[in-house]
Amino acid sequence: MSISFLIALLLIIIITVIIGYLSSNQRINASQQTQLQDIESIEELLPQTQCGDCGFNGCRPYAEAIANHAADINRCLPGGDETVKALSLIIGLDIKPLYKKTDKYAVPRLALIEEEHCIGCVKCIAACPVDAIIGAPKQMHSVIDAYCTGCELCIAPCPVDCITMVSPL
Ligand code: SF4
Ligand code: SF4
Ligand code: SF4
């Protein structure tokens with residue numbers, strides 16, 4: 001076997017390995033892209049209150065868990081039955097009843113700060129997942145009604161219990 005034949009054979013093997021590696025990388029990228037699209041399609045169906053009632057730290061992590069088959073489609077309480085139905089259609093799973101009965105989101109409610117009691121500790125601002133509270137340290141705080149999703153996450157952190165949930169006017 002001549003040296004030039006061996007070199008040619010070696011080159012063919014190297015080129016074959018490189019082509020195989022590149023095409024497998026392309027397949028991985030295509031599958032990652034598909035999964036990303038799945039996550040985004042699922043996330044678009046979620047109400048974006050970022051309330052955490054599903055047991056995940058916001059809508060995006062819940063969408064990722066659904067796309068990875070690590071979570072049921074019936075955990076978003078603010079989205080209610082309509083969201084379960086929409087998720088079932090794009091995921092191709094049967095509709096399930098919501099995982100827990102609650103009337104928390106049955107009637108829309110807004111947080112209201114009793115401003116005369118507010119001590120300006122800013123704890124509610126830190127707790128609000130949708131930036132619906134404005135205020136500065138040691139200043140009175142207020143809720144921006146248009147942004148409030150009624151998640152109630154600001155209630156517990158308030159040290160003077162001056163936040164209540166009310167029906168919108
Ligand atoms: S319960 Fe629904 S709205 Fe709340 S964080 Fe989870 S997916 Fe988002
Ligand atoms: S103001 Fe309170 S109830 Fe409203 S979205 Fe923010 S944390 Fe939730
Ligand atoms: S947590 Fe209560 S006291 Fe503190 S800033 Fe918010 S409303 Fe005011």
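What you are looking at is a predicted structure, and each value in this text was computed from that prediction instead of being measured. (Residues numbered from 1 in each chain as written. Chains lettered and ligands numbered in written order. Predicted model: local features only at pLDDT ≥ 70, side-chain atom pairs only at ≥ 80, totals over all residues.)

### Some thoughts on the overall build of the protein
Here's step 1: In terms of helices and strands, the protein carries four helices and four strands.
Here's step 2: Counted from the first residue to the last, the protein has its helices and strands arranged as α-α-α-β-α-β-β-β.
Here's step 3: Looking at the protein as a whole, 22% of its 169 residues qualify as buried.
Here's step 4: Long-range pairs, those at least 24 residues apart, make up 55% of the contacts in the protein between residues at least 6 apart in sequence. (Helix = DSSP H or I, 4+ residues; strand = E, 2+ residues; numbered from the N terminus. Buried ≥ 20, exposed ≤ 12 C-beta atoms within 10 Å, placed from the backbone. Contact = placed C-beta atoms within 7 Å.)

### As for the site of ligand 2
Here's step 1: Of all residues adjacent to ligand 2, which total 14 residues, the nearest are Ala111, Cys128, Cys148, Cys151 and Cys154.
Here's step 2: When its residues are assigned to classes, the shell around ligand 2 shows eleven nonpolar, two polar and one charged. (Near = placed C-beta within 6 Å. Nonpolar A, V, L, I, M, F, W, Y, C, P; charged D, E, K, R; others polar.)

### Focus on the nonpolar core
Here's step 1: Ile42, Leu46, Tyr62, Ala63, Ile66, Cys76 and Leu87 are the most contacted members of the largest nonpolar core, which totals 15 residues.
Here's step 2: Of all the secondary structure elements, the ones that give two or more residues to this core are helix H1 (3–45), helix H2 (59–67) and helix H3 (80–91).
Here's step 3: At five residues, the largest contribution of residues to this core is made by H2.
Here's step 4: Not counting residues up to four positions away in its chain, the partners in contact with Tyr62 are Leu46, Cys54, Phe56, Ala71, Arg75 and Cys76. (Core = buried A, V, L, I, M, F, W, Y, C linked by C-beta atoms within 7 Å.)

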